[in-house]
Amino acid sequence: NEIGGIWMNNQEIVAQAVFEVVKENLTLPEVERLLEKPKSVDHGDVAFPAFALAKVFRKAPQQIAAELAEKINPDAFEKIEVVGPYLNFFMKKEVISSMVLKQIAKEASQFGNSNIGNEGNVTIDMSSPNIAKPISMGHLRSTVIGNSISLILSKIGYQPIKINHLGDWGTQFGKLIVAYKKWGSEEKVKAEPINELLRLYVEFHEKAEEEPELNDEARAWFKKLEEDDEEALELWKWFRSESLKEFNKIYSMLEVEFDSYNGEAFYNDKMDEVVTMLEEKHLLQTSEGAEIVNLDKYDLNPALIKKSDGATLYITRDLSAALFRKREYNFVKSLYVVGNEQSGHFKQLKAVLKEMDFDWSDEMVHVPFGLITKDGKKLSTRKGKIVLLEEVLNEAKDLAFKQIEEKNPDLPNKEEVAHQVGVGAVIFHDLKNDRLNNFDFNLEEVVRFEGETGPYVQYTHARAMSILEKAAFTVDPEAVYALNDADSWEIIKLLQSYPEIVMQAADQYEPSVIAKHSIRVAQAFNKYYAHTKVLVDDEEKDARLALVHAVTVILKEDLRLLGVHAPNKM
Ligand code: ARG
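Conventions we followed
- Residues numbered from 1 in each chain as written.
- Predicted model: local features only at pLDDT ≥ 70, side-chain atom pairs only at ≥ 80, totals over all residues.
- Heavy atoms only, no water.
- Domains from an automatic or database assignment.
- Contact = heavy atoms within 4.5 Å.
- Buried area = accessible area lost by both parts, 1.4 Å probe.
- Salt bridge = Lys/Arg side-chain N within 4 Å of Asp/Glu carboxyl O.
- Polar contact = N/O pair within 3.5 Å; in protein donor to acceptor, adjacent residues only side chain to side chain.
- Helix = DSSP H or I, 4+ residues; strand = E, 2+ residues; numbered from the N terminus.
- Expected span 1.5 Å × (residues − 1).
- Buried < 20%, exposed > 50% of the residue type's maximum accessible area, 1.4 Å probe, protein only.
- Pairing = 2+ DSSP bridges.
- Axes fitted to C-alpha atoms, helices over the stretch in contact; angles between N-to-C directions.
- Phe/Tyr/Trp six-rings, centres within 6.5 Å; stacked < 30°, edge-to-face > 60°.
- Lys NZ or Arg CZ within 6 Å of the ring centre and 35° of its normal.

*Asks:* What exactly am I supposed to notice about the domain arrangement of the chain here?
*Replies:* Many structure descriptions define interface size as the accessible area lost when the parts assemble. For the chain, the domain assignment lists domain 1 (10–91), domain 2 (121–271 + 308–373) and domain 3 (389–562). Computed from C-alpha atoms alone, the centre-to-centre distance between domain 2 and domain 3 is 35 Å. Taken together, the 29 residues of domain 2 in the interface contact 31 residues of domain 3. Buried surface at the junction of domain 2 and domain 3, summed over both partners, amounts to about 2,800 Å²; 69% is from carbon and sulfur atoms. Linking domain 2 to domain 3 there are 2 salt bridges. The closest approach of N and O atoms between Arg-141 and Asp-430, which form a salt bridge, is 2.7 Å. At the junction of domain 2 and domain 3, the tally comes to 13 residue pairs in polar contact (both at pLDDT 80 or more). Broken down by element, the side of domain 2 that touches domain 3 gets its largest block of residues, 11 residues, from helix H6 (residues 137–155).

*Asks:* Teacher, can you tell me more about H6 here?
*Replies:* At 3.6 residues per turn, the α-helix brings residues three or four places apart onto the same side. Taking 1.5 Å per residue, 19 residues should reach 27 Å; H6 reaches 27 Å between its end C-alpha atoms and fits that length. Of all 19 residues in H6, 17 are buried; the element is thus mostly enclosed. Where H6 begins, the capping side chain belongs to Ser-136, and its oxygen is found 3.2 Å from the backbone nitrogen of Gly-138. Phi for Gly-157, located one or two positions after H6, is positive at around 95°.

*Asks:* Help me out: how do you make sense of the pattern of salt bridges in this one?
*Replies:* Opposite charge on two side chains permits them to pair, given that their charged atoms come into close proximity. The final tally for this structure, using the stated rule, is 30 salt bridges. Glu-557 is paired through a salt bridge with Lys-155; the nearest N and O atoms lie 2.8 Å apart. Taken together, the residues Glu-557 in helix H22 (residues 541–562) and Lys-155 in helix H6 connect sequence positions 402 residues apart. In terms of burial, Glu-557 and Lys-155 fall into one category: buried. Three or more residues joined by partner-sharing salt bridges are found here, namely Glu-196, Arg-199, Glu-203 and Lys-207.

*Asks:* Can you help me understand helix H5 (residues 93–107) in this one?
*Replies:* Between the first and last C-alpha of H5 there are 21 Å, a value that for 15 residues agrees with the 21 Å anticipated at 1.5 Å per step. In terms of burial, H5 is a largely internal element, 11 of the 15 residues being buried. For H5, the full list of buried residues reads Lys-93, Ile-96, Ser-97, Ser-98, Met-99, Val-100, Leu-101, Lys-102, Gln-103, Ile-104 and Ala-105. Looking at the buried positions of H5, the neighbouring elements they touch are helix H1 (10–22), strand S2 (77–83), strand S3 (86–91), helix H19 (486–496) and H22. Just past H5, the residue Ala-108 takes up positive phi, approximately 45°.

*Asks:* Looking at this structure, how should I read the sheet that holds strand S4 (residues 121–125)?
*Replies:* Where strands meet in a sheet, backbone hydrogen bonds hold them as pairs that are either parallel or antiparallel. Strands sit in the order S5-S4-S9-S10 across an open sheet of 4 strands; the sheet is parallel. The open sheet is flanked by strand S5 (159–163) and strand S10 (364–367), the only strands paired with a single partner. The average angle at which neighbouring strand axes cross in this sheet is 20°, direction not considered. As judged from the 5 bridges shared by S4 and S5, these two strands associate in the parallel manner. Bridge assignment links Asn-121 to a residue of S5, and that residue is Gln-159. Contacting S4, S5, strand S9 (333–337) and S10, H6 runs over the sheet at an angle of about 155° to S9. Sheet strands touched by helix H14 (residues 343–355): S9 and S10. Its angle to S10, the strand with the most contacts, is close to 180°.

*Asks:* Any chance you could explain the packing of aromatic side chains here in plain terms?
*Replies:* Centre distance and the angle of the planes are the two values used to describe a pair of aromatic rings. Overall, the coordinates contain 19 aromatic pairs when judged by the stated rule. An angle of 20° between the planes, with centres 6.3 Å apart, marks the rings of Phe-111 and Tyr-498 as stacked. Of this pair, Phe-111 sits in the loop between H5 and S4 while Tyr-498 sits in helix H20 (residues 498–507); the two residues are 387 residues apart in sequence, bridging distant segments of the chain. The two residues Phe-111 and Tyr-498 agree in class, both being buried. Ring geometry for Phe-449 versus Tyr-459: centroids 5.9 Å apart, planes at 50°, classification tilted. With a gap of 10 residues between them, Phe-449 in the loop between helix H17 (443–446) and helix H18 (454–471) and Tyr-459 in helix H18 connect regions that are remote in the sequence. For Phe-449, a relative accessible area of 4% puts it in the buried group. Owing to a relative accessible area of 30%, Tyr-459 belongs among the partly exposed residues under this scheme. Directly above the aromatic system of Trp-221 lies the positively charged group of Lys-224, at a separation of 4.1 Å from the ring centroid. Just above the ring of Tyr-459 sits the side chain of Lys-407; from NZ or CZ to the centre is 4.9 Å.

Listed below in structure tokens is the structure:
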């Protein structure tokens, strides 16, 4: 039997085996396309319907199936069952397990890597919080989803470029300047920038309800800012840098880094170009004094490019940013990891670029995600009702510390592990659901060591690591490790599917595929460990330990792709 030399999944193994006996009539890809996955495990791992050969052989499919079953090389299969016109293949567990365990012993964390991406650049617009406001749970989602997508894409050979498109421009700065000048103080902003700026912002909105003139003042200050007034610019820069300091605290807790912080303001001097292009292509129309692009043919609202007072808009900046990114990075894909509520905006953005005849607009993808609610309600900044992210992360850390204290009081690096577990729990919780799902945030649930949580996966990994340590086991890539039992088979199949899992996560821009895989591996492993005496001295001991080793490798890699640490002890 040839397998074991090169990596194949079960479909490919069956396809190869069938192909060997139908060479004259079908190509290998044709065979592969015909294969089916049986609905129930009782019907084996892979099925081949013989209908396709009925014409060539001029025989009933049932008869063809029976004849093929006789001819096919049985080495890789426990049995090949003929059920009517179907051939049901049951993989030979010891063959597949030795193939999978050898591959993971050889490749370790490289298992599942590929170069499909061909080093193509993929820009990922992610995080992108707004200056002078707290970074919200939505921005947290964007940050951790974007980061995980970048890790998954680089595993398959793309070159991710993480861009923080900061919301550092807009009329809110006029409001802030007014509020700061009236009710603010330098010391307070320095001491607690975001809190203080948020307080000023909230105060502005409260006062403006009674004194609408404040809005006119704010508009006037924003106009000054746009005209490069020195005082206004000075204050804006200061708000920006103080805010960024606070954001960076969170980014460093999450260990997320960016390749660019070019935010909205970066495009202030670059929008004329795109407006001119729109004019030249006769795409701009005037409507009630404003400049718009009509998008009727896309069934979308018109894109508002310039207001009647000449002010540019969010979409104008995004148009300019898209052009800039294409030139700067020549991306093969351009992702925008932004909440679902902005999907209208991204449809318009793409449609306008399409109207401008930029083919690369087809490669722009909005990667939307659902809302995080608290007690069923949307979190809003305006009213100052906000869960502060730094507090959430610190609280998660504290809760993790308490649990470690209970379970493993002698652990030497408790602080470090508590950080990895607490922060990891928040990240994992965010990534384990399909990204479009809304979910309610409950910290206690997030850091639980049981159930489908990050700490559970981390804990399972640490447990497996301690088994390896106890056995003083090192895996040997040249050895043959074969297993034959039903509990290990469940794990083997999950490990074997890993390269496809990674591809699926990448294709769908869906980190939850990885998170769910890690939970299934952890559950299968814990079940195995409960039923099997791994360390008993018999001839399968090394094979069992090689399986434990493979589990540690894949759990750690799953977690890494989510941006979560896998401590060896906890
Ligand atoms: N700052 C925006 C917000 O908080 C998100 C920006 C998303 N990125 C973009 N290129 N529009 O809503």
